[in-house]
Amino acid sequence: MATLEIKSLGKTYPGNVVAAEGIDIAIEDGELVVLVGPSGCGKSTILRMIAGLETITTGDLFIAGKRVNDHEPGERDIAMVFQNYALYPHMTVRGNMAYGLRNEGQPKAEIERRIAEAARTLRLEDYLDRKPRQLSGGQRQRVAMGRAIVREPRIFLFDEPLSNLDAKLRTQLRAELKALHRRLGATFVYVTHDQVEAMSLADRIVLMNAGQVEQIGTPLDLYLRPASRFVADFIGSPNMNVFEGVLDGEARALTLSGGGSIRFADPLPAAPGARVALGIRPEHLHPGDEGPGRMELTVTFIEQLGADTVVHGTLGNGREPLAVRLDGVQMREAGASLPLICSPEHIHLFDADTGRRLN
Amino acid sequence: MVENRPLLKLFTHAVLILGVLFLCFPVWMSLVASTHGPGALSKSPIPLWFGDQAWENYSQLIFGGMSEAGGVPVGMMMLNSLIMALGITIGKIAVSILAAYAIVYFRFPFRMGFFWMIFVTLMLPVEVRILPTFDVVTKLGLLNSYGGLIVPLIASATATFLFRQFFLTVPDELVEAARIDRAGPMRFFWDILLPLSRTNIAALFIILFIYGWNQYLWPLLVTTDESLYTVVMGIQRMVNSGEQLPVWHYIMGTAMLALIPPVIVVVAMQNLFVKGLVESEK
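Only a predicted model underlies this, so the values are computations on that prediction, with no experimental measurement involved.

Enquirer: Please clarify how the overall build of chain A should be interpreted in this entry.
Expert: Helix and strand counts for chain A come out as eight helices and 20 strands. Referenced to the eigenvectors of the C-alpha coordinate spread, the extents of chain A come out at roughly 75 × 45 × 35 Å. In chain A, which comprises 359 residues, the proportion classed as buried is 51%. Considering only contacts within chain A whose residues lie at least 6 apart along the sequence, 65% involve residues at least 24 apart. Working note: accessible area of chain A is about 15300 Å², and carbon and sulfur atoms make up 49% of it. The average position of the 41 basic charges and that of the 46 acidic charges among the side chains of chain A differ by 7 Å.

And the structure:
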């Protein structure tokens, strides 16, 4: 159990390829922090620098207050779970879990005790004497987690551990992982490219883009008040609708670049005449004729998901795509018109050039 | 493909059986000849069934001295061959697996340069470098010793290359997992890489053992002492035994004996060998 502090951390690969730059993250003891972002954003590089598998170009890394930049991975008191499990194929499940402990010089009885406990936690008791190739993907990943647990590390690192599993198993293991975190009370750092995984697991999310941190916050922070257009776009499914346009002289109406306009009752928190990007989540649009924030959608197609219905269509003269999420099963014909309203508290306003949040 | 054409089946089987007979006939001939007396093979017709001299021939071969081969029992020559072949095989595997390990897993200056230097030696088999190698062995005082028989044949670019290719297919995450599990470089090599290379080692063992066992030119050069003669040399000496008629029954017997160790190696290791070919453990 330990805190993890990352101070202006950076990684430059040979050939001046910058993978990460100026990263500052402070992780509390026992916190579950998820690093999320599109592929190539540097999230795995950061995790690998924490693990010591990648050298640190600039900045400092502290585990439990101690600077560990130059420590070997084995000396950092961490454990890591890999995407492709990385189990030792010639060893049994028991052997896989015991290997690190034997290298540490733990007594036999202690190794046995820890393996038994981890196997009970992860329901692997029946598989201890099997080889990894005799196990399914989900079982293999549980063994990989077991290998991490038995070491009783200060910090657990997960590098997209669920990405190789099918959707159903992923949901199940996600719940198990969350339960495991609660039981162990250890510090978890988890890397994924899946925003749903990030939202459902994290105490706090670190959202990354192009080697830099876009926003750090609780899942709801990121959902309700995305700091930038990138964050707004990344979090939430279906994606947030974002329209670019120019505000009028009173900052009350937005003329869309794709044609048409949206009018609001109160002035928007931006300079009149400014070029802005307006974001509205599909679930925050409701059918309605009267009121401010009114817009008219022309339906192109609908997705029936059972619990809700996603209606895709266009605004104005057909150049602005828009998606709306409606409760339950709803029928709409393609080509039909659907009037929508949106309450002002659900509006996200971004600078059209920098992408930073304005309201 | 499901086909049921009896004629075709008959034909293919006939071809296969013919091929087997064609391959096995010389072995059968040697086996039969080694059980006859000295004159049997010089007369027509050549015998095709066992004679009654098997016991006498083989006990003479294994324990008695063979004047035609310098008075050394074949048993002794077999032992020499075995020591040489095992020395070469184990030496080659040990050296090349370590060389490949260094080249794949460590970053040191001129790494690729060294790799290419090893690779280039593929162009320098024993026959090409025989004079300088002989000179070196002489100066090291290794003539007429097992060391002289084994050491010059130990370096192997082929095996190094094979191990390198195999190591490159081992996922990086395995190395990283081992590093996190506090395994140092030698631990990783012993505990993980070596067990994973098991099937590769078995395949190489078969190939290299036969290579070592069949060495002829090099042993001929570095040994003048009869007690170090190898069995392949022995056969050759018996065939060219000067004025006398070749002692075909002994020659065939020696050939049969010389077949045994390679056959044992192949039979004992073929399971691992085939396993290495069909199943990947990664």
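Let us keep going from here.
Enquirer: Looking at this model, I keep getting lost on the environment of I115 of chain A. Mind explaining?
Expert: Residues and elements named next belong to chain A. Locating I115 in the fold gives a position in helix α3 (residues 108–121). Here I115 falls in the buried class, since its relative accessible area comes to 1%. Note: C-alpha distance between I115 and M199 (84 residues apart in sequence) is 31 Å. Ignoring sequence-local partners within four residues, the contact set of I115 consists of R94, M97, A98, L128 and V150.

Enquirer: How should I be thinking about the packing of aromatic side chains in this particular structure?
Expert: Within a pair of aromatic rings, the relevant descriptors are the distance that separates the centres and the angle that separates the planes. Going through the model one piece at a time under the given rule, you end up with 22 aromatic pairs over all chains. For the ring pair F230 of chain A and F234 of chain A, a centre distance of 6.1 Å and an interplane angle of 20 degrees mean the geometry is stacked. Of the two residues, F230 of chain A and F234 of chain A are both situated in helix α8 (residues 229–234); the distance of four residues between them amounts to about one turn of the helix. Residue classification places F234 of chain A among the buried positions, given a relative accessible area of 17%. Each residue in the set Y101, Y105, F106, F163, F166, F167, F188, F189 and W190 of chain B is aromatic and connected to the rest through ring pairs, giving one cluster.

Enquirer: Quick question: what am I supposed to make of the UniProt feature "domain: ABC transporter" (unreviewed entry) in chain A here?
Expert: In this structure's numbering, the residues bearing the UniProt feature "domain: ABC transporter" (unreviewed entry) are residues 4–235 of chain A. The distance separating the terminal C-alpha atoms of residues 4–235 of chain A is 25 Å; by composition the span is 37% helix and 26% strand.

Enquirer: Even after reading the chapter, I still don't get the interface of chain A and chain B, so can you show me in this structure?
Expert: A common way to report how large an interface is uses the accessible area buried once the components associate. Contact with chain A, which involves 25 residues of that partner, is made by 18 residues of chain B. Here chain A and chain B share an interface that buries about 2000 Å² over both sides, 55% of which is from carbon and sulfur atoms. Between D181 of chain B and R151 of chain A there is a salt bridge, with its nearest N and O atoms 3.8 Å apart. Its residues assigned to classes, the side of chain A that touches chain B comprises twelve nonpolar, six polar and seven charged.

Enquirer: Would you mind going over the side chain of D159 of chain A with me for this structure?
Expert: Residue and element names in this part refer to chain A. One can find D159 in strand β7 (residues 155–159). No salt bridge is formed by the buried D159; the nearest opposite charge belongs to R48, separated by 5.5 Å. The contacts of D159, once residues within four sequence positions are left out, are S44, L47, M80, V81, F82, Q83 and V191.

Enquirer: How do you make sense of the packing of helix α2 (residues 93–104) of chain A against α3 of chain A when you look at a structure like this?
Expert: All names here are of chain A. Between α2 and α3, the least distance of the axes is 10 Å, while the angle of their chain directions is 135 degrees. For the element pair α2 / α3, the angle class is oblique. In the crossing of α2 with α3, the sense of the turn from one axis to the other is right-handed. Across the interface between the two elements, R94, M97, A98, L101 and R102 of α2 pack against I111, E112, R114, I115 and A118 of α3. For the contact of α2 with α3, the residue count by class is six nonpolar, no polar and four charged.

Enquirer: Would you mind showing me how to read the nonpolar core here?
Expert: The nonpolar side chains of a soluble globular protein tend to be buried, and buried together. In this structure, I46, L157 and V189 of chain A together with Y105, F167 and I192 of chain B are the most contacted members of the largest nonpolar core, which totals 80 residues. Considering every element that reaches this core, the biggest residue donor is helix α3 (residues 74–105) of chain B, with ten residues. Listed in part, the 46 residues of the second largest apolar core include F156, A198, L201 and L222 of chain A.

Enquirer: Sorry, what's going on with the sheet that holds strand β5 (residues 66–67) of chain A here?
Expert: Paired through their backbone hydrogen bonds, the strands of a sheet run either parallel or antiparallel. All names here are of chain A. The strand order across the open sheet formed by four strands is β2-β1-β4-β5, and the pairing between neighbours is antiparallel. The open sheet has two edge strands, β2 (17–27) and β5, and neither has a second partner. The strands that helix α1 (residues 43–51) touches are β1 (4–13), β2 and β4 (58–63); relative to β1, the one it contacts most, it runs at about 115 degrees.

Enquirer: I would appreciate a short explanation of helix α9 (residues 185–196) of chain B in the present structure.
Expert: The periodicity of an α-helix, 3.6 residues per turn, causes residues three or four places apart in sequence to face the same way. With twelve residues, α9 of chain B should cover 16 Å at 1.5 Å per step; its first-to-last C-alpha distance of 15 Å lies within 8% of that length. Of the residues making up α9 of chain B, those classed as buried are F188, F189, I192, L193 and L196 of chain B. Projected down its long axis, α9 of chain B shows its buried positions confined to an angular sector of 130 degrees, all on one face. Contacts from the buried residues of α9 of chain B go to α2 of chain A together with α3, α7 (157–169), α8 (172–180) and α10 (198–213) of chain B.

Enquirer: What am I meant to see in the domain arrangement of chain A here?
Expert: All names here are of chain A. By domain assignment, chain A separates into domain 1 (4–233) and domain 2 (238–351). In this structure, domain 1 and domain 2 have C-alpha centres spaced 39 Å apart. Contact with domain 1, which involves eight residues of that partner, is made by ten residues of domain 2. For the pairing of domain 1 and domain 2, the buried interface totals around 810 Å² over both sides, and the portion due to carbon and sulfur atoms is 49%. On inspection of domain 1 and its partner domain 2, the count reaches one salt bridge. With its nearest N and O atoms 2.8 Å apart, the salt bridge here joins E244 to R229. The tally of links between domain 1 and domain 2 comes to three residue pairs in polar contact (both at pLDDT 80 or more). Taken together, the residues that form the side of domain 1 that touches domain 2 break down as five nonpolar, one polar and two charged.

Enquirer: I would appreciate a short explanation of the side chain of E31 of chain A in the present structure.
Expert: In this fold, E31 of chain A is placed in the loop between β2 and β3 (32–36). Beyond its immediate sequence surroundings of up to four residues, E31 of chain A is in contact with A26, H181, A186, T187, F188, D203 and R204 of chain A.

Enquirer: Hey, could you run me through the pattern of salt bridges in this one?
Expert: Pairs can form between side chains of opposite charge whenever their charged atoms are close. Under the defined criterion, the tally for this structure stands at 28 salt bridges over all chains. By sharing partners, the salt bridges in this structure join E110, R113, R114, E117 and E152 of chain A into a single network.

Enquirer: Which parts of the structure should I look at to understand the environment of Y58 of chain B?
Expert: Residues and elements named next belong to chain B. Along the chain, Y58 falls in helix α2 (residues 54–63). Each C-alpha atom of the pair Y58 and P26 lies 19 Å from the other, and the pair is 32 residues apart in sequence. Residues within four places of Y58 in sequence aside, it is in contact with L31, S34, G253, M256 and L257.

What counts and how
All residue numbers refer to position in the chain's written sequence, counted from 1. Here every chain gets a letter starting at A, and every ligand a number starting at 1, in the order they are written. Totals for whole chains, interfaces and linings use every residue, but because this is a predicted model, local features are given only for residues with pLDDT of at least 70 and side-chain atom pairs only at 80 or more, for both listing and counting. Note that the side-chain values use all heavy atoms of the structure and ignore hydrogens as well as water. To qualify as a helix, a DSSP run of H or I must reach at least 4 residues; to qualify as a strand, a run of E must reach at least 2; elements of each kind are numbered from the N terminus. Note on exposure labels: buried denotes an accessible area under 20% of the residue type's maximum, exposed denotes more than 50%, and partly exposed covers the range between, all computed with a 1.4 Å probe on protein chains only. Should any heavy atoms of two residues lie within 4.5 Å, those residues are considered in contact. Only the protein chains shown count as covering a residue, and every accessible area follows the Shrake-Rupley method with a 1.4 Å probe. Neither His nor the chain ends is counted toward charge; the positive residues are Lys and Arg and the negative residues Asp and Glu. By convention, charge coordinates are those of NZ in Lys, CZ in Arg, CG in Asp, or CD in Glu. Only the six-membered ring of Trp is used, alongside the rings of Phe and Tyr, when aromatic pairs are assigned; centres must lie within 6.5 Å, and planes under 30 degrees apart are stacked while those over 60 apart are edge-to-face, with the rest tilted. UniProt positions are given in the numbering used here, feature names are shortened, and annotations may be inferred rather than shown by experiment. Joining two parts hides part of their accessible area as seen by a 1.4 Å probe, and the buried area is that hidden amount summed over both. By salt bridge we mean one thing: a side-chain nitrogen of Lys or Arg within 4 Å of a carboxyl oxygen of Asp or Glu. Following the grouping adopted for this structure description, the nonpolar residues are Ala, Val, Leu, Ile, Met, Phe, Trp, Tyr, Cys and Pro, the charged ones are Asp, Glu, Lys and Arg, and the polar ones are all others, Gly among them. Orientation is described by axes fitted as lines to C-alpha atoms, over the contacting stretch for helices, and by angles from 0 to 180 degrees between their N-to-C directions. Orientation labels follow simple angle bins: below 35 degrees gives roughly parallel, above 145 gives roughly antiparallel, 65 to 115 gives roughly perpendicular, and whatever is left gives oblique. By the definition used in this description, the sense in which the near helix is turned from the far one sets the handedness, with an anticlockwise turn below a right angle giving left-handed and a clockwise turn giving right-handed. We call a set of buried residues a nonpolar core when its members are Ala, Val, Leu, Ile, Met, Phe, Trp, Tyr or Cys and they connect through side-chain atoms within 4.5 Å of each other. Paired strands, as defined in this entry, are two strands with at least two bridges between them according to DSSP. To estimate the expected span of a helix, subtract one from its residue number and multiply by 1.5 Å. Of all possible arcs, the one meant is that of the directions from the helix axis to the C-beta atoms. Domain extents, as shown, originate in an automatic or database domain assignment. N or O atoms closer than or at 3.5 Å make up a polar contact, with two conditions inside protein: a donor-capable atom paired with an acceptor-capable one, and, for residues adjacent in sequence, both atoms drawn from side chains.

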